[in-house]
Amino acid sequence: MKNGKRSRSNVTVLLVAVLAILAFIRGPLQIWFLAGAFVLWGLWVTIPMLIRAQKRSAYRKQKKQAPPARSMDFQFPDLTEPAESVLLRHVNFRISAYLKSAFPDVTWEWREKDPEHIIKNGGAARIQLFGVPDYNYASVVFDSKANIGCDMMKIVPLSEVAGAPSGTPAAPAPQPQPTDPQIWYELQARQVLEDLIADLHSRGHSSLTIKDNGDVCIKQANADVKTQTLKNFPERNYWQALAKVFEKEGLAAAVTEAGLAVTW
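Per-chain numbering applies: the sequence of each chain, read as written, is numbered from 1 onward. Note on the predicted model: pLDDT of at least 70 is required for a residue's local features to be given, and 80 or more for side-chain atom pairs to be given and counted; whole-chain, interface and lining totals, by contrast, use all residues. The basis for every side-chain value is the complete set of heavy atoms in the structure, and neither hydrogens nor water enter the calculation.

## Some remarks on the overall build of the chain
Each helix is a run of H or I in the DSSP string that is no shorter than four residues. Each strand is a run of E no shorter than two, and both are numbered from the N terminus. Counting its regular elements, the chain contains 7 helices and 9 strands. For the exposure calls, accessible area comes from a 1.4 Å probe over protein chains only, and a residue counts as buried if that area is under 20% of its type's maximum, exposed if over 50%, partly exposed in between. Within the span of the chain, comprising 264 residues, buried residues form 26% of the whole. Counted over contacts in the chain with a minimum sequence separation of 6, partners at least 24 positions apart contribute 39%. Note on contacts: a residue pair qualifies if any of its non-hydrogen atoms lie within 4.5 Å across the two residues.

Dropping the structure here:
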């Protein structure tokens, strides 16, 4: 019906144009004007039809190429597993990633009857380590901010510490194991120093000094004030390597007579 109205309108336009030419133009020019009117009318009718046909063709092509609608494949998660088990596995992955950053071959087991309770309420939990030189246990600490800390431990029978029974030769004293500054920093110093430096920086300090015994000191009124103590601080022959570890963390470190000076 819409196409019929459009056709009648087109014919009306042609008739009006022809009558106008016949009424006002005489002589040889009349034929040329009539021919021009028919040509223009033909273009005026044909071009919109071609445009509409092209649009319909493009629409059909796009409809054929459209991907089929996806079926509703949503599945409800399994809610039968206790939340404590999911939380425990999540914490297990965090502990494994933390330990493997220093010991790639480490595996471990819980040595607590209810680790979920400690994780939820905070505190320290004991784990046993396998594949870690010089350490066989660790104490994992959970705080109220969901942070995890880890203190490496070596547990041996009392008989090995006190010495062999009388009449048997004493075992030779174990030789001290070399210290890896990177591992020591990750396990013993990173969290302590990051928290300490953030606090000192907020109070206007820009440097600290680590003494030979691990005491961390700052200058206040030309006096050294102890703020923290780093456990198992490496000996001086490791300080150059330790300074490079600090530099990787964006801190400047220099070996001085007073100790290892760290600035930020």
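## Considerations on unusual backbone geometry
In this structure, D134 takes a positive phi of about 75 degrees despite not being glycine. Its place among the elements puts D134 in the loop between strand 2 (123-130) and strand 3 (137-142). In this model, N232 sits at a positive phi of 55 degrees, which is unusual for a non-glycine residue. Locating N232 in the fold gives a position in the loop between strand 7 (223-229) and helix 7 (239-248).

## Some remarks on the packing of helix 6 (residues 181-202) against helix 7
Between N-to-C directions, angles cover 0 to 180 degrees, with each direction set by a line fitted to C-alpha atoms, over the stretch in contact for helices. At a closest axis distance of 11 Å, the pairing of helix 6 and helix 7 adopts a crossing angle of 55 degrees. Relative to helix 7, the element helix 6 lies oblique. The hand of the helix 6/helix 7 crossing is right-handed. Listed contacts from helix 7 to P181, Q182, W184, Y185 and L193 of helix 6 are A241, L242, V245, F246 and K248. Throughout, the ten residues Ala, Val, Leu, Ile, Met, Phe, Trp, Tyr, Cys and Pro are labelled nonpolar, Asp, Glu, Lys and Arg are labelled charged, and all others, Gly among them, are labelled polar. In the contact of helix 6 with helix 7, the residues fall into 8 nonpolar, 1 polar and 1 charged. Roughly parallel covers angles under 35 degrees, roughly antiparallel covers those over 145, roughly perpendicular covers 65 to 115, and oblique covers all other angles. Crossings are classed by handedness, with left-handed meaning an anticlockwise turn of the near helix from the far one by less than a right angle and right-handed meaning a clockwise turn.

## Focus: the sheet that holds strand 7
Paired strands are those between which DSSP finds at least two bridges. Strand order across the open sheet formed by 5 strands is 7-6-5-9-8, with antiparallel pairing between neighbours. The outermost strands of the open sheet, each flanked by one partner alone, are strand 7 and strand 8 (252-255). Recorded for the sheet is a direction-independent mean angle of 30 degrees between the axes of neighbouring strands. With 4 bridges joining them, strand 8 and strand 9 (residues 260-263) adopt antiparallel strand pairing.

## As for a nonpolar patch on the surface
A cluster of nonpolar side chains, namely V39, L40, L43, I47 and I51, defines an oily patch on the protein surface of about 470 Å² accessible area. Here L43 lies in helix 2 (residues 29-65). Here the term patch refers to residues with relative accessible area over 30% and no salt bridge, with like charges joined within 9 Å and nonpolar side chains (Val, Leu, Ile, Met, Phe, Trp, Tyr) within 5 Å. Under the convention used here, a 1.4 Å probe and the Shrake-Rupley method define accessible areas, while residue burial counts only the protein chains that appear. Any Lys or Arg side-chain nitrogen found within 4 Å of a carboxyl oxygen on Asp or Glu counts as a salt bridge.

## Some words on the packing of aromatic side chains
Pairing of aromatic side chains requires ring centres within 6.5 Å, counting the rings of Phe and Tyr and the six-membered ring of Trp. Pairs whose planes differ by under 30 degrees are stacked, by over 60 edge-to-face, and all others tilted. In the structure shown here, the tally under the stated rule is 4 aromatic pairs. Ring centres of W108 and W110 lie 5.3 Å apart, and the angle between their planes is 80 degrees; this geometry places the pair in the edge-to-face category. Using a relative accessible area of 13% as the deciding quantity, one classes W108 as buried. A residue is classified by how much of its surface remains accessible, and W110, at 15% relative accessible area, is buried.

## So, the environment of I155
Here I155 shows up in the loop between strand 4 (148-153) and helix 5 (158-162). Expressed as a C-alpha distance, the spacing of I155 and Q128, which sit 27 residues apart in the sequence, is 10.0 Å.

## Remarks on the confidence of the model for the chain
Confidence of the prediction at every residue is given by pLDDT, a number between 0 and 100. Within the chain, residue pLDDT values average 79, and 83% of them lie at 70 or more. Of all the helices and strands in the chain, helix 5 carries the lowest mean pLDDT, 69, while strand 9 carries the highest, 94.

## Focus: the pattern of salt bridges
By the definition in use, this model includes 8 salt bridges. Where R190 meets E249, a salt bridge forms, and the shortest distance between an N and an O atom there is 3.0 Å. You can see R190 sitting in helix 6 and its partner E249 sitting in the loop between helix 7 and strand 8, a full 59 residues away along the chain. Overlapping salt bridges, with partners in common, bring together E186, R190, E194 and E249 in one network.

## Examining helix 3 (residues 83-100)
With 18 residues, helix 3 should cover 26 Å at 1.5 Å per step; its first-to-last C-alpha distance of 26 Å lies within 8% of that length. Residues of helix 3 that are buried: L88, V91, I95 and L99. The buried residues of helix 3 all sit within an arc of 75 degrees when viewed along its axis, so they share a single face. Exposed residues pointing more than 90 degrees away from the buried face of helix 3 are listed as A83, F93 and A97. Looking at the packing, one finds that the buried side of helix 3 touches strand 1 (107-110), helix 4 (115-121), strand 2, strand 3 and strand 4. Every helix has an expected span of 1.5 Å times one less than the residues it contains. This arc is taken over the directions from the axis of the helix to the C-beta atoms.

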